[in-house]
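Secondary and tertiary structure notes
As a plain string of letters, each chain reads:
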Amino acid sequence: MPRKRLLWQLYPSYLLITIASLLTVLLYGSRELHDFYRERTADDLGSRARLLDPAVAAALTSSQPERVDQLCKELGKKSATRITVILPSGKVVGDSEESPSVMENHGGRPEVRDALAGRLHPSTHYSRTLHQDMMYVAIPVKSDGRII
């Protein structure tokens, strides 16, 4: 009988240590998975933006500025991506989901400020247009060495 008492004295502490270890691994693993997912999403958005760069630059420098919005809507639908084209002043000239005329100035957004400074820095914030949190990546579109 003394063996059984010893087992029941040790069992709760071993169970507690095992549960604590599993919870620690789960918390660490879920945080790492979340960070990995965010990095991959940011990389994917950056790649999509760079692929669209030549078409957007051509539309911005054309004599038809309304072509920018039309291009955003076409490419946004094909790529299943929200695309917004913003002038250096922050004015929206094209968007795949909304009419640019009803959209607010985007010049103060962190991802836009970073892009104008030559840095790619993803940002996550609430979209008033789509009513949900979204990840944003902005890249500068250049023509003749200047951001357009």
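Because the structure is a prediction, the values reported are computed rather than measured.

1. As for the pattern of salt bridges
- Scanning all chains against the criterion turns up seven salt bridges.
- Between Arg40 and Asp43 there is a salt bridge, and its shortest N-O distance comes to 3.5 Å. Taken as a pair, Arg40 and Asp43 lie in helix H1 (residues 2–61) at a separation of three residues, close to a single helical turn.
- The residue Arg119 makes a salt bridge to Asp114 at a minimum N-O spacing of 2.9 Å.
- Judged by its relative accessible area of 48%, Arg119 falls in the partly exposed class.

2. Things to note about the packing of aromatic side chains
- Counted by the stated rule, this structure contains zero aromatic pairs.
- One residue, Arg109, lies across the ring of Tyr136, its end atom 5.9 Å from the ring centre.

3. Digging into the nonpolar core
- Grouped together as the largest cluster of nonpolar side chains are twelve residues: Leu52, Val56, Ala57, Ala59, Val68, Leu71, Cys72, Ile83, Val85, Val93, Val141 and Ile148.
- Going through the elements one at a time, H1 and helix H2 (66–79) are the ones with two or more residues in this core.
- Setting aside chain neighbours within four positions, we find Val93 in contact with Leu60, Val68, Asp69, Val85, Leu87 and Pro100.

4. Examining the side chain of Ser127
- Tracing the backbone through its elements, the reader meets Ser127 in strand S3 (residues 123–127).
- For Ser127, a relative accessible area of 3% corresponds to the buried category.
- Residue contacts for Ser127: discarding those within four places in its chain leaves Arg82, Gln132, Met134 and Tyr136.

5. Some points on the pairing of S3
- Pairing geometry for S3 and strand S4 (residues 132–136), over five bridges, is antiparallel. When the bridges of S4 are listed, Tyr126 appears paired with Asp133.
- The turn linking S3 back onto S4 is made up of four residues, and His131 within it adopts a positive phi angle of 60 degrees.

So, how was this worked out
- Residues numbered from 1 in each chain as written.
- Predicted model: local features only at pLDDT ≥ 70, side-chain atom pairs only at ≥ 80, totals over all residues.
- Heavy atoms only, no water.
- Salt bridge = Lys/Arg side-chain N within 4 Å of Asp/Glu carboxyl O.
- Helix = DSSP H or I, 4+ residues; strand = E, 2+ residues; numbered from the N terminus.
- Buried < 20%, exposed > 50% of the residue type's maximum accessible area, 1.4 Å probe, protein only.
- Phe/Tyr/Trp six-rings, centres within 6.5 Å; stacked < 30°, edge-to-face > 60°.
- Lys NZ or Arg CZ within 6 Å of the ring centre and 35° of its normal.
- Core = buried A, V, L, I, M, F, W, Y, C linked by side-chain atoms within 4.5 Å.
- Contact = heavy atoms within 4.5 Å.
- Pairing = 2+ DSSP bridges.

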